Amino acid sequence: MGKVHIGAAFGYIVRNSTDDNGMRLAAKVACRLTDMSPSAVRSLDSDLNFSVRSMGLKPSAAYTVAERINWRRASLLIHRTIGPNHASPASFDADLNEAYVRTWKRQEGGARPTRHGPYLGSSYWAYSKHAERIKTRQAWPEAIQLVRAGKRVAESATLAHRAIFARWFGNSATQAAIDVLNLTLNGLENECTGVGYAGPHAQGNLLDLQEVGFAGDGRASDVKPGPAWGTAQGSIPGYICLESKFFDDAATSGLRSVAHTTTGGMEVSRGGAVLHEATHLFGKTADVRLDDQVFTQLNIVREAKHADEKAYGPKVCAAFAIAQAVDTVRNADSYRLFCEDAYAA
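Conventions adopted
- Residues numbered from 1 in each chain as written.
- Predicted model: local features only at pLDDT ≥ 70, side-chain atom pairs only at ≥ 80, totals over all residues.
- Heavy atoms only, no water.
- Helix = DSSP H or I, 4+ residues; strand = E, 2+ residues; numbered from the N terminus.
- Rg over C-alpha atoms; globule rule 2.2 N^0.38 Å.
- Buried < 20%, exposed > 50% of the residue type's maximum accessible area, 1.4 Å probe, protein only.
- Contact = heavy atoms within 4.5 Å.
- Areas by Shrake-Rupley, 256 points an atom, 1.4 Å probe, with all protein chains shown as cover.
- Polar contact = N/O pair within 3.5 Å; in protein donor to acceptor, adjacent residues only side chain to side chain.
- Pairing = 2+ DSSP bridges.
- Axes fitted to C-alpha atoms, helices over the stretch in contact; angles between N-to-C directions.
- Core = buried A, V, L, I, M, F, W, Y, C linked by side-chain atoms within 4.5 Å.
- Salt bridge = Lys/Arg side-chain N within 4 Å of Asp/Glu carboxyl O.
- Phe/Tyr/Trp six-rings, centres within 6.5 Å; stacked < 30°, edge-to-face > 60°.
- Parallel < 35°, antiparallel > 145°, perpendicular 65-115°, else oblique.
- Nonpolar A, V, L, I, M, F, W, Y, C, P; charged D, E, K, R; others polar.
- Disulfide = S-S within 2.5 Å.

Some words on the overall build of the chain
Reasoning step 1: When helices and strands are counted, the chain shows 14 helices and eight strands.
Reasoning step 2: For the chain, the C-alpha radius of gyration of 23 Å lies close to 20 Å, the compact-globule estimate for 345 residues.
Reasoning step 3: When the backbone C-alpha atoms are referred to their principal axes, the chain occupies close to 70 × 40 × 30 Å.
Reasoning step 4: Here the chain, with 345 residues, has 55% of them falling under the buried criterion.
Reasoning step 5: Taking all contacts inside the chain whose residues are at least 6 apart in sequence as the whole, residues at least 24 apart take part in 69%.
Reasoning step 6: Looking at the chain as shown, the accessible area adds up to about 14500 Å², and 53% of this sits on carbon and sulfur atoms.

Some points on the side chain of His 276
Reasoning step 1: Tracing the sequence through the fold places His 276 in helix α11 (residues 270–283).
Reasoning step 2: Judged by its relative accessible area of 8%, His 276 is buried.
Reasoning step 3: Engagement of the side chain of His 276 in a polar contact is seen with the side chain of Asp 287, the distance being 3.1 Å.
Reasoning step 4: Within the structure, His 276 has its side chain in polar contact with the side chain of Asp 333 (distance 2.9 Å).
Reasoning step 5: Sequence-distant contacts of His 276, defined by excluding residues within four places in its chain, comprise Asp 287, Tyr 312, Ala 332, Asp 333 and Arg 336.

Points about the sheet that holds strand β2 (residues 193–198)
Reasoning step 1: The four strands lie next to each other as β1-β2-β6-β5, forming an open sheet whose pairing is mixed. Strand pairing shows two members of the sheet lacking a second neighbour, β1 (118–120) and β5 (230–233), which therefore form its edges. Pairwise comparison of adjacent strand axes, ignoring direction, gives a mean angle of 25 degrees for this sheet.
Reasoning step 2: As judged from the three bridges shared by β1 and β2, these two strands associate in the parallel manner. In the sheet register, Tyr 119 faces β2, and the bridge partner there is Gly 194.

Describing the nonpolar core
Reasoning step 1: Grouped together as the largest cluster of nonpolar side chains are 99 residues, with contacts concentrated most on Ile 6, Phe 10, Ile 13, Leu 33, Leu 77 and Phe 338.
Reasoning step 2: A per-element tally of this core places helix α7 (residues 130–154) first, with nine residues.
Reasoning step 3: Those residues within four positions of Ile 13 in sequence are excluded, and the remaining contacts are Asp 19, Gly 22, Leu 25, Ala 26, Ala 74, Leu 77, Ile 78, Val 101 and Lys 105.

With respect to the environment of Phe 320
Reasoning step 1: Relative to the helices and strands, Phe 320 resides in helix α13 (residues 314–323).
Reasoning step 2: C-alpha of Phe 320 to C-alpha of Arg 167: the two residues are 153 residues apart in sequence and 9.6 Å apart in space.
Reasoning step 3: Setting aside its immediate chain neighbours within four residues, Phe 320 contacts Val 288, Leu 290, Val 294, Ala 311, Ala 325, Asp 327, Thr 328, Asn 331 and Ser 334.

Focus on the pattern of salt bridges
Reasoning step 1: Tallying each qualifying case throughout the model produces 15 salt bridges.
Reasoning step 2: With a closest N to O distance of 2.8 Å, Asp 341 and Arg 167 form a salt bridge. Taken together, the residues Asp 341 in helix α14 (residues 332–344) and Arg 167 in helix α8 (residues 159–169) connect sequence positions 174 residues apart.
Reasoning step 3: Relative accessible area serves as the criterion here: at 29%, Arg 167 is assigned to the partly exposed category.
Reasoning step 4: Among the ionic contacts, a cluster of salt bridges with common partners joins Lys 135, Asp 249 and Arg 270.

Describing the packing of aromatic side chains
Reasoning step 1: Inspection of every chain in the model, using the stated rule, returns ten aromatic pairs.
Reasoning step 2: Ring plane angle 90 degrees and centroid distance 5.0 Å describe the contact between Tyr 12 and Trp 71, whose orientation is recorded as edge-to-face. On the criterion of sequence distance, the pair formed by Tyr 12 in helix α1 (residues 4–13) and Trp 71 in helix α4 (residues 65–81) is long-range, its members being 59 residues apart. For the residue pair Tyr 12 and Trp 71, the accessibility class agrees, reading buried in each case.

A few points about the packing of α7 against α14
Reasoning step 1: Where α7 meets α14, the axes come as close as 8 Å, and the angle between the chain directions of the two elements is 80 degrees. As the angle between them shows, α7 and α14 are arranged roughly perpendicular. Residues Gln 145, Leu 146, Val 147, Ala 149, Gly 150, Arg 152, Val 153 and Ala 154 of α7 pack against Phe 338, Cys 339, Glu 340, Ala 342 and Tyr 343 of α14.
Reasoning step 2: By residue class, the composition of the contact of α7 with α14 is nine nonpolar, two polar and two charged.

Thoughts on α1
Reasoning step 1: Most of α1 is tucked away, with nine of its ten residues classed as buried.
Reasoning step 2: Where α1 is concerned, the buried positions are His 5, Ile 6, Gly 7, Ala 8, Ala 9, Phe 10, Gly 11, Tyr 12 and Ile 13.
Reasoning step 3: Where α1 is buried, its residues contact α2 (20–35), α3 (38–47), α4, α5 (94–108) and α6 (122–127).

Side note on the state of the cysteines
Reasoning step 1: Applying the stated criterion across every chain, the model contains zero disulfides.
Reasoning step 2: With no disulfide of its own, Cys 192 lies 5.0 Å from the sulfur of Cys 31, the closest cysteine sulfur.
Reasoning step 3: Looking at Cys 192, the relative accessible area reads 7%, which means it is buried.
Reasoning step 4: For Cys 339, which is in no disulfide, the shortest distance to another cysteine sulfur is to Cys 317 and amounts to 13 Å.

Some words on unusual backbone geometry
Reasoning step 1: The residue Phe 50 is not glycine, and still its phi comes out positive at about 65 degrees.
Reasoning step 2: Within the secondary structure, Phe 50 sits in the loop between α3 and α4.
Reasoning step 3: With a phi close to 55 degrees, Glu 267 is a non-glycine residue in the positive phi region.
Reasoning step 4: Note on placement: Glu 267 falls in the loop between β7 (252–253) and β8 (268–269).

Below, the structure is given as structure tokens:
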């Protein structure tokens, strides 16, 4: 399960939605946790428990017992990850521990992390199961495989490969799609990207935890479960939040070995879900609104409930490529479907 004591420490590193230095410091701590072994993370979370060592602890004039414990957790988490040469206070003196955290905010909060590739954000360490962290780590290289397959097919002149491209992009300019794929591949491989957890075990704000990427403006907000596959927020470096359907084996699979049908449901792979969000983040795609022609192609009467329907899923996106082809090269799910079919080819 999630590391509740690490999660509580993160909640005291980032104190509110405008705490930019705290967000950047938390991101650097999360980068280090991402690089640690599972056993090392478990050991660290155990060391932040303090259930025995805090017995008999009394509130001070300015701090409750819980605040004193959590400030010490926050300072020790920083020391054990990014500050091993600068020992944190060895007591539950909240003033000393809070001052230690403030010092690290000033020292490390001026710039975002610059690692290559993704890191699991503080919400992952607070809430997700170990198996969910494994799925996320596996999905990233799977997304890279999918983009490379898409590039190979898009750059090919064979009739079979041209048919795969036309299925999802119609008569759109091939180079425009290749440009988006190149931007997406570079982003997946090289850009520092925070991955947030909005999966089934996110429990709102019980840990007083806020994390960048969950708010629509890219700032910090409370961590809450989301009902879809994911969202992308912010500019580069940005954040991808993976939601409940990403972790649901009934809704999301591993890499596909067969082409999509146009009679079933969404048919999403985990690598494809990451790829979809990565095209938003790095390729500046959108979830494009359907024109009336697409509903005509689908033989559906456009009603009020369809007013803002977007191009998602194989059935809709196949019709989208026929009736609204000019917009496919900026539609995220068209890339996801194309790359999954290219990989299966």
